[in-house]
Amino acid sequence: MNDFELTTDNGKTLKLIKLKPAFYLRNATTVAKALLGKIFVRKINGEIFAARITETEAYDGRTDPAAHSFIGKTKRNATMFESGGLLYVYFIYGMYYCANVVTGAAGEGSAALLRSMEPLKGIEQMAFNRFKKREVSRTEIKSLLNGPGKLCQALNLTKKENGLNLNGEEIFICREKRPRKFEIVETSRIGINRGTELDWRFYIKDSGFISKP
DNA sequence: ATCAAGATTACCT
DNA sequence: GGTAATCTTGATA
């Protein structure tokens, strides 16, 4: 079942194809850019969440002082050192989680941080996870997934999902059979103190679902 | 044992 | 634009 149809909350049908394992076995920057426009799917308790990835950041374990993995393998960052295609989720600032896609070869320590998405399916449940209510305004829909901490809260990504394989059935990423065209903006990464000279933050131009335009 | 920092967010002026 | 909230981790003693 790598080829299937998904109906969004606004009634549109998307033809989706699950990404192959090889997709993740490339450079962090390559994968981070390639993830833009892809559809993140999470199945939980019989319900499906789906969202279009609109903003990512690359972290390279071998050369990048901003990467968690730069200091070497520890208990916290161990997932980053696995082979590409896993989900790396970590806890930060005492109250938020951030989710990454592990990239490259085993031992490399590279990943792409998922920073923002456009909600497509399961919006009521996402709203409940974020705001404890199911009714959301147009403005609130935009702020459902536009930040790394927010999207983890809305999609219920926690410690439990750390290390999960994206080639499985619970959480995975798809491409559309007929992908939309878009331009990619490359800027410096947000919220870090080192490696700020690298333009390794990527987002879809004019998306409207971005943490900081 | 203690401690500072952190890939953030919400709410304030 | 500023800052409080909140706690795990990794480093140092």
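The structure we're discussing is the one just above.
Residues numbered from 1 in each chain as written. Chains lettered and ligands numbered in written order. Predicted model: local features only at pLDDT ≥ 70, side-chain atom pairs only at ≥ 80, totals over all residues. Heavy atoms only, no water.

K.L.:
What am I meant to see in the environment of K150 here?
P.N.:
Mapped onto the secondary structure, K150 falls in helix 4 (residues 148–154). K150 sits 57 residues away from Y93 along the chain, and the two C-alpha atoms are 13 Å apart. With residues up to four places along the chain from it excluded, the contact list for K150 reads R130, S143 and L144. (Helix = DSSP H or I, 4+ residues; strand = E, 2+ residues; numbered from the N terminus. Contact = heavy atoms within 4.5 Å.)

K.L.:
Looking at this structure, I do not really get helix 1 (residues 28–35). What am I missing?
P.N.:
Side chains that are three or four residues apart share a direction in an α-helix, a result of its 3.6 residues per turn. Counting buried positions along helix 1 gives six out of eight residues, so the element sits mostly inside the fold. For helix 1, the set of buried residues is A28, T29, V31, A32, A34 and L35. The secondary structure elements touched by the buried residues of helix 1 are strand 4 (47–59), strand 6 (96–103), strand 7 (110–121), strand 8 (171–176) and strand 10 (201–204). Taken from the residues just after helix 1, G37 is the one with a positive phi, measuring 85°. (Buried < 20%, exposed > 50% of the residue type's maximum accessible area, 1.4 Å probe, protein only.)

K.L.:
Would you mind going over a negative patch on the surface with me for this structure?
P.N.:
A cluster of acidic residues, D9, E47, E124 and E135, forms a negative patch on the protein surface. With respect to the element layout, D9 can be found in the loop between strand 1 (3–7) and strand 2 (13–18). (Patch = residues over 30% accessible without salt bridge, like charges linked within 9 Å, V, L, I, M, F, W, Y side chains within 5 Å. Areas by Shrake-Rupley, 256 points an atom, 1.4 Å probe, with all protein chains shown as cover. Salt bridge = Lys/Arg side-chain N within 4 Å of Asp/Glu carboxyl O. Lys, Arg positive; Asp, Glu negative; His and termini not counted. Charge placed at Lys NZ, Arg CZ, Asp CG, Glu CD.)

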